[in-house]
Amino acid sequence: MIGGAVATVGFFWYFGSPKFTDVGYRPAQPVEYSHKVHAGDLGIDCRYCHTQVERTAKAMVPPTQTCMNCHIIVKTDSPKMRPVNESWYSNQPIEWVKVHKVPDYAYFDHSAHISVGVGCETCHGNVAEMEEVMLVETLSMGWCLDCHNDPAPNLRPLSEVTNMAYVPGPEQKAFAEALIAEKNINPPINCSGCHR
Amino acid sequence: MKKDLNTIARGKDYWRSLDELADSPEFRKFVESEFPEEAGELSSGLSRRKFLSVMGASLAFAGLSSCRRPVEKIVPYVKAPAEGLPGEKLFYATAHTHGLSAQGQVVESHVGRPTKIEGSTRHDLVNGKSNTRMQASVLNLYDPDRSSEIIHDGAVSWIEAFVEKYSEIHKASLENGGQDLALIMPSFASPSLNRQLQLFRDSFPAARIAAWDPVSDENVHRGIELAAGKKMLLHTDLSKAKVILGLDSDFLHSDGEDLYNAAGYAQGRRVRSENDPMSRYYAVESAYSISASNADHRLRMKSSEIPLFTLKLAHTLNHKGRGLLLPEMPADAYFTPAQEKWISVLAEDLENNRGECLILAGRNQSPELHALVYALNELLGNSGRTVRYYDAEDTVFPDTDALKSLAADLDAGNIQTLILFDSNPAYWAPADLKMSSRMKKAGTLIHFSAYLDESSPYADWHIPAAHYLESWGDARALDGQRLIVQPLIAPLFNGSSALSFLHLLATAELKSDFELLQEGWKELLPADTFDKDWMKLLSDGVYSATAYSHHALPARQAEIKRRFAEHVAEKRDANGLEVNFRPHSSLFDGRHANNGWLQELPDPISKIAWDNPAWISAATAEKYGVENGDMVAVSLNGATVDIPVWIVPGHADGCVTLHLGFGRWFEGRIAKGTGFNVYTLRSSDKPYTDFGAGIMKLRSKHAMANTQDHGSMEGRPLIREASLEEYRNNPEFAPDMVKHPPLKSLWEEHPYDEGYQWGMVIDLNACIGCNACTIACQSENNIPVVGREMVEKGREMHWIRLDRYFSGDIDDPQVAYQPLGCQHCENAPCEQVCPVAATSHDEEGLNVMTYNRCIGTRYCANNCPYKVRRFNFYNFTKDTPETLKMAMNPEVSVRFRGVMEKCTFCTQRINNAKIQAKNEGRGLKDGDVQTACQQSCPTHAISFGNILDQKAEVTVLKGNNRNYAMLAELNIKPRNTYLAKLRNPHPALSAPKTGPAEHGKA
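A brief structural summary. All figures in this text were calculated on a predicted structure; none of them were measured in a lab.

Re the overall build of chain B
Here is step 1: What chain B contains, in helices and strands, is 30 helices and 42 strands.
Here is step 2: The C-alpha radius of gyration computed for chain B amounts to 29 Å, which stays within 12% of the reference 30 Å derived for 1002 residues, consistent with globular compactness.
Here is step 3: Overall size of chain B, expressed as C-alpha extent along the three principal axes, is 80 × 75 × 70 Å.
Here is step 4: Residue burial in chain B is summarised as follows: out of 1002 residues, 61% are buried.
Here is step 5: Split by element, the accessible area of chain B, about 38500 Å² in all, is 52% carbon and sulfur.
Here is step 6: Here chain B contributes 109 positive and 128 negative side-chain charges, whose respective centroids are spaced 3 Å apart.

Overview of the sheet that holds strand β17 (residues 417-421) of chain B
Residue and element names in this part refer to chain B.
Here is step 1: Strand order in the open sheet formed by seven strands is β6-β5-β19-β18-β17-β7-β9, and the pairing between neighbours is mixed. The strands lining the two open edges of the sheet, one partner per strand, are β6 (155-157) and β9 (208-211). Here the strands of the sheet are splayed against their neighbours by 15 degrees on average, with no regard to which way each runs.
Here is step 2: Taken together, the five bridges between β17 and strand β18 (residues 444-449) define a ladder with parallel strand orientation. Note on β18: the bridge partner recorded for Leu-418 is Leu-445.
Here is step 3: The sheet strands contacting helix α6 (residues 191-203) are β7 (181-185) and β9, and the helix crosses β7 at an angle near 160 degrees.
Here is step 4: On the sheet, helix α15 (residues 498-507) packs against β7, β17, β18 and β19 (461-464) and is oriented at approximately 170 degrees with respect to β17.

Here's the deal with the pairing of strand β34 (residues 814-820) of chain B
Residue and element names in this part refer to chain B.
Here is step 1: The buried fraction of β34 amounts to seven of the seven residues, a majority that puts the element mostly inside the structure.
Here is step 2: Of the two faces of β34, the one carrying Gln-814, Ala-816, Gln-818 and Leu-820 and the one carrying Val-815, Tyr-817 and Pro-819 are both buried.
Here is step 3: Summarising the sheet, strand β33 (residues 801-807) and β34 pair through seven bridges and their orientation is antiparallel. The residue bridging Leu-802 from the neighbouring strand is Pro-819, located in β34.

Quick notes on the interface of chain A and chain B
Here is step 1: Taken residue by residue, the interface counts 42 residues in chain A and 39 residues in chain B.
Here is step 2: Surface buried jointly by chain A and chain B totals about 3800 Å² across both partners, of which 53% is contributed by carbon and sulfur atoms.
Here is step 3: Counting across the interface, chain A meets chain B through 19 residue pairs in polar contact (both at pLDDT 80 or more).
Here is step 4: Going through the elements one at a time, α5 (64-71), α6 (82-90), β1 (96-97) and α7 (110-114) of chain A are the ones with two or more residues in the side of chain A that touches chain B.
Here is step 5: Its residues assigned to classes, the side of chain A that touches chain B shows 19 nonpolar, 15 polar and eight charged.

Quick look at the sheet that holds strand β20 (residues 473-476) of chain B
Through backbone hydrogen bonds, the strands of a sheet pair up, either in parallel or in antiparallel fashion.
Residue and element names in this part refer to chain B.
Here is step 1: One open sheet accounts for three strands, arranged β20-β21-β22; its pairing is antiparallel. Only two strands of the sheet have a single neighbouring strand rather than two, namely β20 and β22 (542-543).
Here is step 2: Note that β20 and strand β21 (residues 482-485) share four bridges and pair antiparallel. From the neighbouring strand, Arg-476 faces β21, where its bridge partner is Arg-482.

Section: the nonpolar core
As a rule of thumb, soluble globular proteins bury nonpolar side chains together.
Residues and elements named next belong to chain B.
Here is step 1: Trp-758, Tyr-866 and Phe-905 are the most contacted members of the largest nonpolar core, which has 66 residues in total.
Here is step 2: Not counting chain neighbours up to four residues away, the residues in contact with Phe-905 comprise Trp-758, Gly-759, Met-760, Cys-822, His-824, Leu-846, Ile-910, Thr-931, Phe-944 and Asn-976.
Here is step 3: With 63 residues, the next largest nonpolar core counts Met-301, Val-345, Leu-346 and Cys-357 among its residues.

Focus on helix α11 (residues 367-379) of chain B
Residue and element names in this part refer to chain B.
Here is step 1: Compared with an ideal rise of 1.5 Å per residue, which puts 13 residues at 18 Å, α11 spans 18 Å between its outermost C-alpha atoms and is within 8% of the ideal.
Here is step 2: Every buried residue belonging to α11 is among Pro-367, Glu-368, Leu-369, His-370, Ala-371, Leu-372, Val-373, Tyr-374, Ala-375, Leu-376, Asn-377 and Leu-379, and all of these are buried.
Here is step 3: Residues of α11 that are buried make contact with α7 (218-228), β11 (243-247), α9 (306-317), β14 (357-361), β15 (387-390) and α18 (557-569).
Here is step 4: In the stretch just after α11, Gly-381 is the one whose phi turns positive, near 75 degrees.

Quick notes on the packing of α15 of chain B against helix α16 (residues 513-522) of chain B
Residues and elements named next belong to chain B.
Here is step 1: Axis separation between α15 and α16 bottoms out at 8 Å; the angle between their running directions is 85 degrees. Judged by the inter-axis angle, α15 sits roughly perpendicular to α16. Contacts between α15 and α16 involve Leu-499, Ser-500 and His-503 on the former and, on the latter, Asp-513, Leu-516 and Leu-517.
Here is step 2: In terms of residue class, the contact of α15 with α16 is made up of three nonpolar, two polar and one charged.

A look at a nonpolar patch on the surface
Residue and element names in this part refer to chain A.
Here is step 1: A cluster of nonpolar side chains, Phe-11, Phe-12, Tyr-14, Phe-15 and Phe-20, forms an exposed patch at the surface whose accessible area comes to about 550 Å².
Here is step 2: Looking at the nonpolar patch element by element, the count peaks at four residues for helix α1 (residues 2-15).
Here is step 3: Summarising the element assignment, Phe-20 is placed in helix α2 (residues 18-21).
Here is step 4: The class of Phe-20 is partly exposed, set by a relative accessible area of 40%.

What to know about the pattern of salt bridges
Here is step 1: Following the criterion strictly, the structure yields 63 salt bridges over all chains and no others.
Here is step 2: Note that Glu-132 of chain A and Arg-26 of chain A form a salt bridge whose closest N and O atoms lie 3.9 Å from each other. Of this pair, Glu-132 of chain A sits in the loop between α8 (120-124) and α9 (141-149) while Arg-26 of chain A is found in the loop between α2 and α3 (35-41), placing the two residues 106 residues apart along the sequence.
Here is step 3: With relative accessibility at 48%, the residue Arg-26 of chain A sits in the partly exposed group.
Here is step 4: Where Arg-146 of chain B meets Glu-470 of chain B, a salt bridge forms, and the shortest distance between an N and an O atom there is 2.9 Å.

Observations regarding unusual backbone geometry
Trans peptide bonds make up most of the peptide bonds, and negative phi angles are found at most residues other than glycine.
Here is step 1: Even without a glycine there, the phi angle at Val-111 of chain B is positive, about 45 degrees.
Here is step 2: For Val-111 of chain B, the location among the structural elements is in the loop between β3 (101-110) and β4 (113-119).

The rules behind these values
- Residue indices follow the written sequence of each chain, beginning from 1 at its first position.
- Here chains are named by letter from A upward and ligands by number from 1 upward, in the order in which they appear as written.
- Where local features are concerned, this predicted model is filtered to residues with pLDDT of at least 70; where side-chain atom pairs are given and counted, the filter is 80 or more; whole-chain, interface and lining totals use all residues.
- Excluded from the side-chain calculations are hydrogens and water; all other atoms, namely the structure's heavy atoms, are used.
- Secondary structure elements are defined from DSSP: runs of H or I of at least 4 residues count as helices, runs of E of at least 2 residues count as strands, and each element is numbered from the N terminus.
- Our radius of gyration is a C-alpha quantity, and the globule rule it is checked against amounts to 2.2 Å times the number of residues to the power 0.38.
- The rule is simple: take the accessible area with a 1.4 Å probe, protein chains only, and divide by the maximum for that residue type; under 20% is buried, over 50% is exposed, in between is partly exposed.
- A 1.4 Å probe and the Shrake-Rupley method give the accessible areas. Residues count as covered only by the protein chains that appear here.
- Asp and Glu are treated as the negative residues and Lys and Arg as the positive ones, with His and the ends of the chain left uncounted.
- We put the charge of a Lys on NZ, of an Arg on CZ, of an Asp on CG and of a Glu on CD.
- Any two strands with at least two DSSP-identified bridges between them are counted as paired.
- Axis lines are fitted to C-alpha atoms, over the contacting stretch for helices. Their N-to-C directions set the angle, which ranges from 0 to 180 degrees.
- We call two residues in contact when some of their heavy atoms are within 4.5 Å.
- The quantity reported as buried area is the accessible area (1.4 Å probe) lost by two parts once they are put together, taken as the sum for both.
- In protein, a polar contact means a hydrogen-donor-capable atom and an acceptor-capable atom, both N or O and within 3.5 Å, with residues adjacent in sequence counting only if both atoms are side-chain atoms; elsewhere, any N or O pair within 3.5 Å suffices.
- When residues are sorted by character, Ala, Val, Leu, Ile, Met, Phe, Trp, Tyr, Cys and Pro go into the nonpolar class, Asp, Glu, Lys and Arg into the charged class, and all the rest, Gly among them, into the polar class.
- We call a set of buried residues a nonpolar core when its members are Ala, Val, Leu, Ile, Met, Phe, Trp, Tyr or Cys and they connect through side-chain atoms within 4.5 Å of each other.
- The length a helix should cover is 1.5 Å for every residue beyond the first.
- Roughly parallel refers to an angle under 35 degrees, roughly antiparallel to one over 145, roughly perpendicular to one between 65 and 115, and oblique to any angle outside these ranges.
- Distance thresholds for patches are 9 Å for like charges and 5 Å for nonpolar side chains (Val, Leu, Ile, Met, Phe, Trp, Tyr), applied to residues having over 30% relative accessible area and no salt bridge.
- By convention in these notes, a salt bridge is any Lys or Arg side-chain nitrogen within 4 Å of a carboxyl oxygen on Asp or Glu.

Rendered as structure tokens:
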């Protein structure tokens, strides 16, 4: 009886949590765009395409024009380029499938995080190794609060924010404390921080 | 979604089907059937238990049917613009025009959609402030009932077809000088529009042009013309006035340059210590206006008696043999002893403040009275100081005579082509001109308007007009500064801008309004720096170099005396009631009838929304045996209107006030059938005050959405007021008014001594009751419009409301206003009772609302002593039309059914300011964060900021001796406090009863 209750609770505790239902979401995109090729092998910085990440709340998926900056001459005949070319020449945008999502009533601001040294990898995972973008963190409120309550392990030097290969050194704690003091890092843990 | 997002979507693209456009019953059924749990609406009798079981079943099935996460798309541009990407806000300068004045604005735009309007800080007549009409005009842009097609003889047409047809008319008119061509348009002050009108006049010298507005300052202009010899613009500077006399004048809200007046008036009323002076305001009027509700002394009398009153005042001021030519007082003129005393005290006060006083008369008073006021202001030395007269340029004044002669020409069959340029005679033309039947006599009727309104059934051609937020243009402010009107979005509904259409009428050629505007400016700005100057002009929005010149022409006393004598000797119908036609406080002349925000805004005096009852005094009601809500038939000039009555304390006896702008019958989902049309009673000779109305009580009653008693606070001393003298004798009167033992808390309280701590102070002396804060908040926070039925039940959703209290004698009460939003109590009663912790307190002192946690217990609203929490009883945004969704602010959640909401101190603005400051590596300083209500308040009554910052304005005000917290004795420690209201009565006149305000009987 009690074992049954525990089993039921445990069942929902695991299978109902976003760690099971959300993590690993890797939808098929309209374009077979590989971050591994572009961000990984070619070493293009995240901010080349996701231009607004340091300035505004939303990081911005790039317009077709950004792709065509190179692809107007590079690999124009590749079958993978076909939807991009169609978009460019017919003036219809590409409809990407959204992978990283917080609910509409929670307002997340990218620039606030980038400007204090939270790396892209911390929330989005090692995107430079992904052929297709996959959700690796739950992005649940509890997960956000874990960092907000103790940001130190997740901070890195501002120059390393887009570095997917960064590994925190042995002085992470001291470094983080210094950064927190310098930038007056005080992540909101009250509801008003995100719920507007 | 195959839309090209690089160009702003046209109106057509937002309709997915004709059904949606028409909101037909089929469409409604389709939408409603999506949510089976809503099967029981208002009156189904579905019990809660059954409802929950139905809900539970459908949820369970929903859970089993699909475990897949819904797919959401990100759709970027193909070619992105450099600015204005999602997440980024852009601000553009433009201008809002109202009659012959214009106010500079700055409009916030999200991804190409304007969402919020603010006053421009670069225009000194506005100084960053705004009023209800400016704030609500953004909603008119997205009105789904705007017409979106050119209609010709009932069928959809296109602009080229119109141009082709019009070219024939144009050619014929060029030959005959336009002798059978007529144009009706509103009055305006705009250089570019005037250029085009001049072109029209040059092409068609014989064409009849009538510029006319249903509510205008025509009497003021003609009064000044009578007094000084030519039409000039009246400009008042209330900041310099120590004594103000308002004669039927609503100068703080709808007469003249209300924003500038309100700011100047507030300067005179702003008292920071017991040693500060304060101005004194006397008002004489028939119906209670918003302005006079702030008066220190108010005399109620019929509008027709005010000229005699003024004459008596003039005689009193003339006693030292000043030599002002005045007609004799009529023999039968009678004033009560109280009125005589009033006049003598007033005269003395005005005398003692020569050059620093001001007499204003309302637009509804006759030109003769305005002329006399001109002479009196001159006599008192006010000319050039508190009042100025400007030589207008690029201005077309309203002229009723032109309209009358045009109507006569129409009747005679002389007009072949009639153009209604943004004009709606079928609705608002004076009834005696019979425009509806006369318009049929014109051969071709061209109707240029934003809506298919009451005049369009008569039209052969209807061309949709663009909103000012979609148009290029310019305007002249009242003092002559030029303002640029800049579009924020391409026309959503295929509209043509006024500038390009007038050009089309003049030349039969299509040219963009941008080109036409620049042509005009190229004549003004030097050619070699034009591009740079033009960019600066667009950025500032204001060009002050060409302000008008002003002179004080001497009053033509003999002329004034003669005309005034005739005026007071006019025979009037003494039977029946006097009728006052007034613009409504929100809808004005009816142009905003389809604006949900303005319809739902309760009138500050009567507190009635969605209706326009006839206002009468208690004595008049007793005489006719009517009570609130009774329907009566008002007959005047041969026409009758059935209208409910409303008793307004302080209304003059023997007259009735009818508000214009309601009872429209065009296909506007908000406007149609709302209220009662009183234009049918209005004549062209006496448009504002008429005589001899008959009143007959009818059997029926009309329920009205009256918010007077909503949020009732049971007679506690919520407004603390005193006279200036009492304040000087006892500076601590405000905190002293409520005695309570030392406040001790049951638990350890938060120190709140770190970081930013947000607080607000509202100065009750400065609040004039204009409601700009309410509409600004509605615009900023996506507050839904709930409709009349819900407002009747007390479910209006305004986060900040204006409570109006009467006090004193029931026939002659005083009014006090108190704006009330969430008080953000440190010991909030609401937070303690929420079972799911949906409302909590953050470290910065804000009471925070988390909508997704709320389960709708409503215990928090129950516990709130201020009754400021609003509950979404229904999903009020379920059937929001697509275009109205564009008006919403993306930075604030749109709330669903079953969720509690309330003022958040604009937490989105606080967060954005903090993030921006953090990114730039600095802290916030005072003024970086402005709440929407604070930013719009014309009198700067609301102060908001960090109370730990000793130099912040809000902190200084909280230390003021007039500062008090409402219901402080409950120890809930509200962060929102008030500065007690002061009145400044003259010691010689009986001081009105002061002290805790009580509810009036009405």
